[in-house]
Amino acid sequence: MALVLTHEDALRLADTEDGELAILQDEGIGFRGQYLGAVLAETPETARHGADLVEITTDVAPHDAHFRHDHPQVREAEGGADDVETGDVEAALAAAEIVVDQRYSTPLEHNNPMEPHTTIARWDGEELTLWTSTQGVHPARQALAPILGIEPEQLRIISPHVGGGFGSKGVPHADMMLTALAARAVPGRTVKYAVSRQHMFAITGYRPATSQHFRIGAGPDGTITAFVLEAVSSSSHTKEFPEEAIKPSRQMYAGEHRRITQRLLPLDIAVPSWMRAPGEASGMVGLEMVMDELAEACGLDPIELRARNEPVLDPDTGLPFNQRRLLDCLREGAERFGWAERDPRPRARREGGWLIGTGVASATYPASRQPGSQARIRLTAGSYEVGIGAADLGTGTWTALTQVAADALEVDPEQITLQIGDTSLPNATVAGGSTGLASWGTAVMAAAQTFRREHGRAPSDGAESTGEAEENPAEEELAMHSYGAHFAQVSVQETTGEIRVDRMLGMFSAGRIINPRTARSQFLGGMTMGVGMALHEKGELDPRFGHVVNHDLAEYHVPVNADIRSLEVHWLDEEDPQAGPLGARGIGEIGIVGAAAAIANAAHHATGVRVRDLPLFGSDFLPR
Amino acid sequence: MGHPVHLVIDGQQHDLIVDARTTLLDALRDHLGNMSPKKGCDHGQCGACTVLVDGRRLNSCLLLAVSLDGAEVLTSEGLAPDGELSDLHQAFLEQDAFQCGYCTPGQICSAAGMLREAADGRPSVVTEDTDPGGPVELTEDEIRERMSGNLCRCGAYVNIVAAVQQAAAAQPGTGEAGR
Ligand code: FES
Ligand code: FES
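Residues numbered from 1 in each chain as written. Chains lettered and ligands numbered in written order. Predicted model: local features only at pLDDT ≥ 70, side-chain atom pairs only at ≥ 80, totals over all residues. Heavy atoms only, no water.

> What should I look at first to understand empty space enclosed by the protein in this one?
Over the atoms rolls a probe the size of a water molecule, and its path tells where empty space is left. Residue and element names in this part refer to chain A. Summed over the entire model, instances satisfying the criterion amount to five cavities of 30 Å³ or more. Of the volumes computed, that of the largest cavity is approximately 60 Å³. Around the largest cavity sit Gly-19, Glu-20, Ile-23, Phe-31, Gln-34, Tyr-35, Ala-174, Ala-202, Ile-203 and Val-271, which together line it. (1 Å grid on protein atoms, 1.4 Å probe; cavity = no way out; pocket = protein on both sides within 12 Å on 5 of 7 lines; lining within 4 Å. Points joined across faces, edges and corners; volume = space filled by probe spheres on them.)

> So what exactly am I meant to see when it comes to the packing of helix α3 (residues 137-148) of chain A against helix α4 (residues 174-184) of chain A here?
Angle between the axes and distance between the axes are the two parameters that describe a pair of packed helices. Residue and element names in this part refer to chain A. Put simply, α3 and α4 touch, their axes get as near as 12 Å, and they point 45° apart. By the angle between their axes, α3 is oblique relative to α4. Every pair of crossing elements has a handedness; the one defined by α3 and α4 is right-handed. Of the residues in α4, those touching α3 at Leu-144, Ile-147 and Leu-148 are Met-176, Met-177, Ala-180 and Leu-181. The residue makeup of the contact of α3 with α4, split by class, is seven nonpolar, no polar and no charged. (Axes fitted to C-alpha atoms, helices over the stretch in contact; angles between N-to-C directions. Helix = DSSP H or I, 4+ residues; strand = E, 2+ residues; numbered from the N terminus. Parallel < 35°, antiparallel > 145°, perpendicular 65-115°, else oblique. Left-handed = near helix turned anticlockwise from the far one by under 90°. Contact = heavy atoms within 4.5 Å. Nonpolar A, V, L, I, M, F, W, Y, C, P; charged D, E, K, R; others polar.)

> In this structure, what is going on with the interface of chain A and chain B? I would like to understand it.
The extent of an interface is frequently quoted as the accessible surface area lost upon association of the parts. Facing 44 residues of chain A, the contacting portion of chain B comprises 34 residues. Broken down residue by residue, the surface that chain A buries against chain B is led by A:Glu45, A:Met114 and A:Asn561, which jointly contribute 25%. Taken together, chain A and chain B are joined by three salt bridges. Measuring nitrogen to oxygen at the nearest pair gives 3.9 Å for the salt bridge that ties A:Arg48 to B:Asp42. Joining chain A to chain B, the criterion identifies 19 residue pairs in polar contact (both at pLDDT 80 or more). Where the side of chain A that touches chain B is concerned, the elements lending two or more residues are α1 (44-53), α5 (197-203) and α13 (516-535) of chain A. Within the side of chain A that touches chain B, the residues separate by chemical class into 19 nonpolar, 15 polar and ten charged. (Buried area = accessible area lost by both parts, 1.4 Å probe. Salt bridge = Lys/Arg side-chain N within 4 Å of Asp/Glu carboxyl O. Polar contact = N/O pair within 3.5 Å; in protein donor to acceptor, adjacent residues only side chain to side chain.)

> Explain the sheet that holds strand β4 (residues 56-59) of chain B to me, please; I cannot follow it from the model alone.
The strands making up a sheet associate through hydrogen bonds between their backbones, and the pairing can be parallel or antiparallel. All names here are of chain B. With mixed pairing, the five strands of this open sheet are ordered in space as β2-β1-β5-β3-β4. Looking at the sheet topology across the chains shown, the edges are occupied by β2 (12-18) and β4. With strand direction ignored, the average angle separating the axes of adjacent strands in the sheet is 40°. Pairing geometry for strand β3 (residues 50-53) and β4, over four bridges, is antiparallel. When the sheet's bridge partners are listed, Val-53 is paired in β4 with Arg-56. Strands in contact with helix α3 (residues 104-119) are β3, β4 and β5 (72-74); relative to β3, the strand with the most contacts, it is inclined by about 40°. (Pairing = 2+ DSSP bridges.)

> Where do I start with the nonpolar core in this structure?
Side chains of nonpolar character tend, in soluble globular proteins, to be buried together. Residues and elements named next belong to chain A. Formed by 180 residues in total, the largest nonpolar core has its most connected members in Leu-148, Ile-599 and Leu-616. In terms of residue count, helix α7 (residues 280-298) provides more of this core than any other element does, ten residues in total. When sequence neighbours within four positions are dropped, the list of residues in contact with Ile-599 reads Ala-488, Val-490, Val-501, Met-504, Gly-530, Val-531, Ala-534, Leu-535 and Leu-616. Ranked by size, the runner-up nonpolar core spans 33 residues in total, among them Ala-391, Leu-393, Ala-431 and Ala-469. (Core = buried A, V, L, I, M, F, W, Y, C linked by side-chain atoms within 4.5 Å. Buried < 20%, exposed > 50% of the residue type's maximum accessible area, 1.4 Å probe, protein only.)

> Which parts of the structure should I look at to understand the domain arrangement of chain A?
All names here are of chain A. One can read the domain layout of chain A as domain 1 (2-59 + 116-187), domain 2 (210-368 + 476-621) and domain 3 (374-471). In this structure, domain 1 and domain 2 have C-alpha centres spaced 36 Å apart. Counting residues at the interface gives 13 residues for domain 1, matched by 13 residues for domain 2. Note on domain 1 versus domain 2: buried area summed over both sides is about 1100 Å², and carbon and sulfur give 60% of it. Per-residue buried area on domain 1 facing domain 2 is highest for Phe-31, Arg-32 and Phe-166; these three make up 49% of the total on that side. (Domains from an automatic or database assignment.)

> Please explain the pairing of strand β14 (residues 354-366) of chain A as it appears in this structure.
Each regular strand carries side chains that alternate between the two faces of the sheet. Residue and element names in this part refer to chain A. When you tally the buried positions in β14, you get twelve out of 13 residues, the bulk of the element. Pairing of strand β13 (residues 350-351) with β14 involves two bridges; the strand directions are antiparallel. In the sheet register, Arg-350 faces β14, and the bridge partner there is Leu-355. Remark: two residues form the turn of the hairpin made by β13 and β14, two consecutive strands paired antiparallel; Gly-352 in that turn has positive phi of roughly 55°. Two strands pair when backbone bridges link them, and β14 and strand β19 (residues 479-493) are joined in this way by 13 bridges, in the antiparallel orientation. Within β19, the residue paired with Tyr-365 across the bridge is Ser-482.

> Would you take a moment to explain the pattern of salt bridges for this structure?
Pairs can form between side chains of opposite charge whenever their charged atoms are close. Going through the model one piece at a time under the given rule, you end up with 50 salt bridges over all chains. Across the pair A:Arg122 and A:Asp124 runs a salt bridge whose closest N-O atoms are separated by 3.1 Å. A:Arg122 sits in the partly exposed class, given a relative accessible area of 26%. Across the pair B:Glu140 and B:Arg144 runs a salt bridge whose closest N-O atoms are separated by 2.8 Å. Of this pair, B:Glu140 and B:Arg144 are both found in helix α4 (residues 140-146), four residues apart, which corresponds to roughly one turn of the helix.

> Sorry if this is basic, but what is going on with the packing of aromatic side chains here?
Pairs of aromatic rings are described using the distance from one ring centre to the other and the angle between the two planes. Residues and elements named next belong to chain A. This model, assessed by the stated rule, comprises ten aromatic pairs over all chains. Each ring, one from Tyr-104 and one from Phe-214, has its centre 5.9 Å from the other, and the planes form 70°; the classification is edge-to-face. In this pair, Tyr-104 is assigned in strand β4 (residues 98-106) and Phe-214 in strand β9 (residues 210-218), connecting sequence segments 110 residues apart. Each ring, one from Phe-321 and one from Tyr-483, has its centre 6.5 Å from the other, and the planes form 80°; the classification is edge-to-face. Highlighted residues: Phe-321 in strand β12 (residues 321-322) and Tyr-483 in strand β19, separated in sequence by 162 residues. Judged by relative accessible area, which is 13%, Phe-321 ranks as buried. Here a set of aromatic residues connected by ring pairs shows up, and it is made of Tyr-104, Phe-214 and Phe-227. When the ring centre of Trp-123 is taken as origin, the NZ or CZ atom of Arg-184, which lies over that ring, is 4.4 Å away. (Phe/Tyr/Trp six-rings, centres within 6.5 Å; stacked < 30°, edge-to-face > 60°. Lys NZ or Arg CZ within 6 Å of the ring centre and 35° of its normal.)

Below, the structure written as structure tokens:
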């Protein structure tokens, strides 16, 4: 054994503001699973055995790890979204002919990319190099360097390939810091640390639980007059993170009197973070289920209900929408899915012991572009080297940026040599919020234009230009979102309650689709994760200890091949000039948004049983 | 404190000295630098580490290297000697049967093993009881069922099924598409 590192001998950090990253600084323990030390050894077997031999003594302090929406410590998030309060909701609710008042919940969900988080670190003097897996090398450097007390230039992060992230590699987590601290203890030597699958449930972020209380008042024609959403999400005392389930409700549907509030409850549990479509994925569970209930209460087709509440201006900002084609998605999707043949009555279709139903839900995701990405183009030995610190998480960045560069330079893709995932390349913003390709692609296009302007069509070897993605001014004047519609057919076994998704169809409006092949895979992947959200995924928090009990892939279920049957993806053929020169909005997240609600709505249609807490379990559909 | 073990990996002979606790997966990656199989869980729960051991698909994270003296191990890389892609590799590319690719070497080995099992007439839970024996017909349901030990968090299942079907069709009934 080489070394045991604890809070007594680890490097003192320059900034301990970030409770998640400020590890090994004192004796305090924020949650079960937090790093309290590290064992360094020559082989992983020895290191792991050594860690088993370490004895830790603790004093137990009062703690709380039980999430409930009516907890007295539920409060506003620091720097969270403002409340919406317009008109007089209570009076409008009292006057409404139809009122739906229901609470929905989503559980802890864990990103679980197949590639666990792993970092290799080495200090050479005052310079640190991290080989890791991250959705943004530059943002990670920006976060870590000041905490370590070094200049960004002293930290190099290299991450050319990422084995999936889904948000969990969006910001650096404590494992990266631990590896950097461990390497500091053995200067000049390379230290490798791979987070175990079990430990990922405590260390690498997850989607916190939400409770969503809707009260909706409407006229008999389905027109919404009063809209109330009070959402609460679980958080951590160690570091605050609100899962803003209210986000989609702010802009989806019209309604004169509105109250929309987000609160959170900090607990003594692991630190939550981004998981695919944070806010939208969870928020559209409640919203799209309550819309289904409202449609039923009004005796309206759910698509017609949405059409009757289509806002003219963005209810959130008052701005005009940019290419809001929600209804086109719903209607064209309905056509392809065969929605018209549906008997609207629940529990109307029974085949061989299976109850069969169909459901629909809208999808949405904001379209934005992050300013600040830069790209460099250099002609080297007849090949255009295109460099930008972007990330490919399986999203196809290597392919799509090569294609964008080739188009912009008007050369064959074979003439492009792309370089990404390294802080020694020009700055790139994070692969998150479905902004990656739009932001980096804009920088690459700007660099290509500058290159042609400066060097013409016959550049000489070594010619070089850079370009930068500016802020998109249209984002100030227009409410920019992508939209979509999910349709699902499910079967529920009458005697066992077993639930299967027979088929799903997603119809999306996301601006120009740059690479149809990888785009289809992205949508499919999002919908597949939506099936998991609906039927499988739930981190079971132990209220006594605050850890996730089912912390591995045998107990935390994600969809397997046999769970996924027919999935169809379509998109509207369009371009969005307002979104930027690429004409594209992001597609990494919208595929999951609304998918779970479509399945839950279909399960209700099949059985007549409304389950408002995800995931749906077979037992939910058995006679009580 | 090491133990000698002789392994044939992707056609190459190797003599190793390993810790008794070293798994085949760690022997491949950490001792031999064969990065083809991936570690997704280290507990036999994800399939990312699937390799063929003496022709059978197995999770290499669940095997101790010392127990495999003399075994022949094939990784996805070994199924494409000198970069010569097998029908399966080609089908995965053509069907876009992956996104991040982390699960892919395991999917490929699993598919290769599974095609052989089906060709040998080994039934799965969805195989009809009336099946007369002989090669099992690889319907979509058969493929989904038989590939369910290999998780893909990117959600490429639809395309994986299409790829396995394409590869199976290239050499019907022989189970040789992985070679
Ligand atoms: S790493 Fe072996 S099954 Fe997951
Ligand atoms: S391709 Fe990423 S996990 Fe399968």
